[in-house]
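What follows is the residue order along each chain.
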Amino acid sequence: NTHRGCFGGCSFCTISAHQGKLVASRSKASVMKEVDEIAKMKDFKGYLSDIGGPSANMYQMKGIDQKICDRCAAPSCVFPKICSNLDTDPSKMIDLYQEINKHKAVKKAFVTSGLRYDLMFDENSTHKKQDEAYVDQLITHHVSGRLKVAPEHTEDHVLKLMRKPAFKYFQKFKEKFEEISYKKGLRQEIIPYFISSHPGSTAEDMASLAAKTKKLGYKLEQVQDFTPTPMTLATEIYYSGYHPYTGEKTFTAIHLDDKTKQRTFFFWYKPENQNFIKNFLASKKLFNISKDLFG
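Residues numbered from 1 in each chain as written. Predicted model: local features only at pLDDT ≥ 70, side-chain atom pairs only at ≥ 80, totals over all residues. Heavy atoms only, no water.

Caption draft 1: Geometry of the overall build of the protein chain. Scanning the protein chain for helices and strands turns up 13 helices and nine strands. Against the 2.2 N^0.38 benchmark of 19 Å for 295 residues, the protein chain shows a C-alpha radius of gyration of 21 Å, consistent with a compact globule. On the principal axes, the C-alpha backbone points of the protein chain span a range of 60 × 50 × 40 Å. In the protein chain, 74% of the contacts between residues at least 6 apart in sequence involve partners at least 24 apart. Only carbon and sulfur atoms are counted for the fraction: they give 51% of the accessible area of the protein chain, which is about 15,700 Å². Of the side-chain charges in the protein chain, 45 are positive and 34 negative, and the distance between the mean point of each set is 2 Å. (Helix = DSSP H or I, 4+ residues; strand = E, 2+ residues; numbered from the N terminus. Rg over C-alpha atoms; globule rule 2.2 N^0.38 Å. Contact = heavy atoms within 4.5 Å. Areas by Shrake-Rupley, 256 points an atom, 1.4 Å probe, with all protein chains shown as cover. Lys, Arg positive; Asp, Glu negative; His and termini not counted. Charge placed at Lys NZ, Arg CZ, Asp CG, Glu CD.)

Okay, structure coming up:
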């Protein structure tokens, strides 16, 4: 663990509630001392399974003016846009990764905890060269064959309710990941995580998700259905049926049939699901999506 806390503020996540919104980072010396101790263990084979925290690429990131942070009540520092008072320079993170790589006992150090790719591709960043250097360092040296990231959905109105970045950022990250992997001759892939039945998500949204992820070459397996979690905005919407900040009525799939229907779209490629999906798409006149999925 290099740090704790998360300023992402995703509406379905409790990390900021029990670890804090402000990120508390260890010093490089502290992390390297632990690497030294791990290296002395008899069963250590030279591989560190994860360098990170709740969101791996938030190490040493904090407010530029702490007094502004102390007064701030916003649930997220990166949604709907990255706060101008947030220092997102990844230079200290790059330095830590490179220092660990130099350790004589470490063969490979992986990053397998969550990643916020919107921090890597911020259009308003004042340190784009460092952002590019971080992406290159991560993809070249710290992927254990498969890199887990969590776009959670493809539809921007659902992502807005989730307080997650627009899907275009995942597409940018995937393109860069494949470009760097190809150039470096690395056989590795991205494993994306998605959620069905999140407040605001409909069966039609899931159909669109199926078509968009198929177009990107995915047959999804590692997925989940929304689970209400205490102390989260999404759970308030789930139980009340309303967005508490706006008073707007918000659809949520609550009954088993509705939740099963949404989850089925993840597995459009399974023969046992195809008749149901085709009939549903026909009933909603979603012929373009049907064509995208089944030709």
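Let's pick the thread back up.
Caption draft 2: Quick look at helix α12 (residues 271-283). Every buried residue of α12 is accounted for by N273, I277, F280 and L281. Buried residues along α12 cover an arc of 95° about the axis, so they all sit on one side. The exposed set on the far side of α12, more than 90 degrees from its buried face, consists of P271, N275, N279 and S283. Looking at the buried positions of α12, the neighbouring elements they touch are α9 (203-215), α11 (256-264) and α13 (287-294). Where α12 ends, the next residue or the one after it, K285, has phi of about 60°, a positive value. (Buried < 20%, exposed > 50% of the residue type's maximum accessible area, 1.4 Å probe, protein only. Arc of directions from axis to C-beta.)

Caption draft 3: Expanded view of the nonpolar core. Counting residues in each nonpolar core, the largest one holds 72 residues, and the members touching the most others are F7, I100, L115, F173 and F265. The contacts of F265, once residues within four sequence positions are left out, are A203, M206, A207, A210, F276, I277, F280 and L281. (Core = buried A, V, L, I, M, F, W, Y, C linked by side-chain atoms within 4.5 Å.)

Caption draft 4: Layout of the packing of helix α6 (residues 128-141) against helix α8 (residues 167-183). It is the contact of α6 with α8, at a shortest axis distance of 10 Å, that shows an interaxial angle of 60°. As judged from the angle between their axes, α6 and α8 are oblique. Considering only the axes of α6 and α8, their crossing is right-handed. In contact with V135, D136, L138, I139 and T140 of α6, α8 contributes F173, K176, F177, I180 and S181. (Axes fitted to C-alpha atoms, helices over the stretch in contact; angles between N-to-C directions. Parallel < 35°, antiparallel > 145°, perpendicular 65-115°, else oblique. Left-handed = near helix turned anticlockwise from the far one by under 90°.)

Caption draft 5: Broad picture of the sheet that holds strand β8 (residues 189-196). Reading across from one edge, β7-β8-β9 is the order of the three strands in this open sheet, with parallel pairing throughout. Bordering the open sheet on either side are β7 (146-152) and β9 (223-225), each of which pairs with just one other strand. Taking the axes of each pair of neighbouring strands and ignoring which way they run, one obtains an average angle of 20° across the sheet. Summarising the sheet, β7 and β8 pair through five bridges and their orientation is parallel. Among the inter-strand pairings, E152 is bridged to a residue of β8, identified as F194. (Pairing = 2+ DSSP bridges.)

Caption draft 6: Examining the packing of aromatic side chains more closely. For the structure shown, the criterion picks out 15 aromatic pairs. Centroid distance F266 to F267: 6.2 Å. Interplanar angle 70°. Geometry classified as edge-to-face. Since its relative accessible area comes to 17%, F267 is described here as buried. Summarising the aromatic geometry, the rings of F267 and Y269 are spaced 6.4 Å apart at their centres and angled 75° between planes, so their arrangement reads as edge-to-face. Grouping aromatic residues by their ring pairs yields a cluster made of Y117, F121, F167, F170, F173 and F177. (Phe/Tyr/Trp six-rings, centres within 6.5 Å; stacked < 30°, edge-to-face > 60°.)

Without other data, these values stay purely geometric and don't point to any function.
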